[in-house]
Amino acid sequence: MPYMAINLGGVAAGVAVTLWFAVRWWFAEQHRWTALVPFVLALLYGMVAALAAYGSASALGWAVWLNLWAANVSGYAGLVWGVGGTAPDVTRAGQLALTSGGYVIVLLLTVVLVALCKFAKRIPTGKIAAGAFAGISIALSGNVAGVAAIPLGSAVNFLGSGFTGAFG
């Protein structure tokens, strides 16, 4: 697996996307909660995907790596060349410990996300893709990894135990 670290620019890129959609939600979407739901759910999915697939040699692992690379490059360019700052490494996470059922839930969430992009005409695909991008970009950084890993990992494992109990 290629280099899997996030720099401060990558985190800044993820936060910038989140801020963009927050401002869009407030002004263009008249702060209707229903307009925010797809972005937030995609953001949480991105965090789970990054924490679950971090460093794994899988299709999701490669997608996470590509997302991290894009976030790092764009954020580095913005911080270093754009405003004259620096972009130190801020990776603090390892792979999330999921049960077998937890990985089933991550797979099913991935299918739902792709299906929403394909078939949900009332939800802009860009909102879902941007949410997942932002979630992956911030999931491995500093305290976000620790704060996000416990509730997200526990929720996915809990849902997975229900899935394996029903079908396993």
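Residues numbered from 1 in each chain as written. Predicted model: local features only at pLDDT ≥ 70, side-chain atom pairs only at ≥ 80, totals over all residues. Heavy atoms only, no water.

**Notes on the side chain of Glu29**
- With respect to the helices and strands, Glu29 occurs in the loop between helix H1 (8–27) and helix H2 (33–53).
- Residue classification places Glu29 among the buried positions, given a relative accessible area of 9%.
- Among all residues touching Glu29, those that are not within four sequence positions of it are Arg24, Ala35 and Lys127. (Helix = DSSP H or I, 4+ residues; strand = E, 2+ residues; numbered from the N terminus. Buried < 20%, exposed > 50% of the residue type's maximum accessible area, 1.4 Å probe, protein only. Contact = heavy atoms within 4.5 Å.)

**Focus: the packing of H1 against H2**
- H2 packs onto H1 with a crossing angle of 170° between their chain directions and a minimal axis gap of 10 Å. As judged from the angle between their axes, H1 and H2 are roughly antiparallel. The residues of H2 that touch H1, namely those facing Val17, Thr18, Phe21 and Trp25, are Trp33, Ala35, Leu36, Phe39 and Leu43.
- Here the residues of the contact of H1 with H2 are counted per class, giving eight nonpolar, one polar and no charged. (Axes fitted to C-alpha atoms, helices over the stretch in contact; angles between N-to-C directions. Parallel < 35°, antiparallel > 145°, perpendicular 65-115°, else oblique. Nonpolar A, V, L, I, M, F, W, Y, C, P; charged D, E, K, R; others polar.)

**Some words on the pattern of salt bridges**
- What the rule picks out here adds up to two salt bridges.
- Two residues, Arg24 and Glu29, come together in a salt bridge whose shortest N-O distance is 3.3 Å.
- For Lys127, the salt bridge is made with Glu29, and the minimal N-O distance between the two is 2.8 Å. In this pair, Lys127 sits in helix H5 (residues 125–139) while Glu29 sits in the loop between H1 and H2, placing the two residues 98 residues apart along the sequence. Here the two residues Lys127 and Glu29 agree in accessibility, since each one is buried. (Salt bridge = Lys/Arg side-chain N within 4 Å of Asp/Glu carboxyl O.)

**Overview of the nonpolar core**
- With 38 residues, the main nonpolar core has Ile6, Val17, Val64 and Leu140 as its most contacted residues.
- Of all elements in the fold, only H1, H2, helix H3 (59–83), helix H4 (100–119), H5 and helix H6 (142–167) reach the threshold of two or more residues within this core.
- At eleven residues, the largest contribution of residues to this core is made by H2. (Core = buried A, V, L, I, M, F, W, Y, C linked by side-chain atoms within 4.5 Å.)

**Comments concerning the packing of H3 against H5**
- Packing of H3 against H5 leaves a shortest axis separation of 9 Å and a crossing angle of 80°. The angle between H3 and H5 places the two elements in the roughly perpendicular class. Contact residues: H3 offers Val64, Asn67, Leu68, Ala70 and Ala71, while H5 offers Ala132, Phe133, Ile136 and Ser137.
- When the residues that make up the contact of H3 with H5 are grouped by side-chain class, the tally is seven nonpolar, two polar and no charged.

**Section: the packing of aromatic side chains**
- Counted by the stated rule, this structure contains six aromatic pairs.
- Seen in terms of ring centroids, Phe21 and Phe39 are 4.8 Å apart; in terms of plane orientation they differ by 15°. Their pairing is stacked. Taken together, the residues Phe21 in helix H1 and Phe39 in helix H2 connect sequence positions 18 residues apart. The two residues Phe21 and Phe39 agree in class, both being buried. (Phe/Tyr/Trp six-rings, centres within 6.5 Å; stacked < 30°, edge-to-face > 60°.)

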